[in-house]
Amino acid sequence: NNRSHRNARIFVSFLFVSGLLNTMDHSDAIVSTTTTSNMLIKMTQELLDSISNQNFIRYQELCHPTLTAFEPEACGHLIHGLKFHKHYFDMKTNPATKPQVNVTIVNPHVRLCGPDVGIVSYVRVIQRDFKTVRTEETRVWQRVEGKWAHVHFHRSQPNNSY
């Protein structure tokens, strides 16, 4: 998409001017930036799918053990680690009565903060049976020992549904 490509060029130009990129050919860096952004959006969707499917094993694979979070369920407190989240995964739903859930990432925006940190901001639309709700989310990903890990998120739930 043209907007992503333009943003990638601006970011790469910033790296060059800052001395963080020492080549005049930005094309490889732009491809790399776009590829990383797309991969982080895909990993975020996988994370949301693991939540919808109550797959704690996959959730744990995607998250760093020291994950931090601000979310409505925490009542304004900063959550540290995965134990708080595991509680919700352990609340198994009867498969016969489990509602159909569709989760969509709307209007994602990725900001890369160097080669090892990416921030994905978006609106999450959740369709469950005949009810649709949305949340506003920001997810921080960090490359740790060569592997991307989800390290922090902030989720706000507007007081509206349809």
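First, a word on what this report is: a plain description of the structure on this page. (Residues numbered from 1 in each chain as written. Predicted model: local features only at pLDDT ≥ 70, side-chain atom pairs only at ≥ 80, totals over all residues. Heavy atoms only, no water.)

**Some words on the layout of surface pockets**
Considered as a void within the structure, the largest pocket measures approximately 720 Å³ in volume. Taken together, 24 residues form the lining of the largest pocket, with Ile51, Glu73, Tyr88, Arg124 and Arg128 sitting closest to its centre. Those elements that place two or more of their residues in the lining of the largest pocket are α2 (27–52), α4 (83–90), β3 (101–112), β4 (117–128), β5 (131–144) and β6 (147–156). Looking at side-chain class alone, the lining of the largest pocket contains eleven nonpolar, six polar and seven charged residues. (1 Å grid on protein atoms, 1.4 Å probe; cavity = no way out; pocket = protein on both sides within 12 Å on 5 of 7 lines; lining within 4 Å. Points joined across faces, edges and corners; volume = space filled by probe spheres on them. Helix = DSSP H or I, 4+ residues; strand = E, 2+ residues; numbered from the N terminus. Nonpolar A, V, L, I, M, F, W, Y, C, P; charged D, E, K, R; others polar.)

**Here we look at the pattern of salt bridges**
Taken as a whole and judged by the stated rule, the model has eleven salt bridges. Ionic pairing is found between lysine 86 and aspartate 90, a salt bridge with its closest N-O pair at 2.8 Å. Here the residue lysine 86 and the residue aspartate 90 both occupy positions in helix α4, the gap between them amounting to four residues, near one helical turn. Given a relative accessible area of 48%, aspartate 90 falls into the partly exposed group. Note that arginine 134 is salt-bridged to glutamate 136, the shortest N-O span being 2.8 Å. For arginine 134, a relative accessible area of 28% gives the class partly exposed. According to the relative accessible area criterion, glutamate 136 is partly exposed, its value standing at 35%. Through salt bridges with shared partners, a single ionic network connects Glu71, Glu73, Arg124, Glu137, Arg139 and Arg155. (Salt bridge = Lys/Arg side-chain N within 4 Å of Asp/Glu carboxyl O. Buried < 20%, exposed > 50% of the residue type's maximum accessible area, 1.4 Å probe, protein only.)

**Some remarks on the nonpolar core**
Grouped together as the largest cluster of nonpolar side chains are 25 residues, with contacts concentrated most on Leu40, Tyr59, Cys63, Leu67, Leu82, Val120 and Trp141. Elements with a contribution of two residues or more to this core: α2, α3 (56–62), β1 (63–70), β3, β4, β5 and β6. Discounting chain neighbours no more than four positions away, the residues touching cysteine 63 are Leu47, Leu82 and His150. (Core = buried A, V, L, I, M, F, W, Y, C linked by side-chain atoms within 4.5 Å. Contact = heavy atoms within 4.5 Å.)

By themselves these figures say nothing about function.
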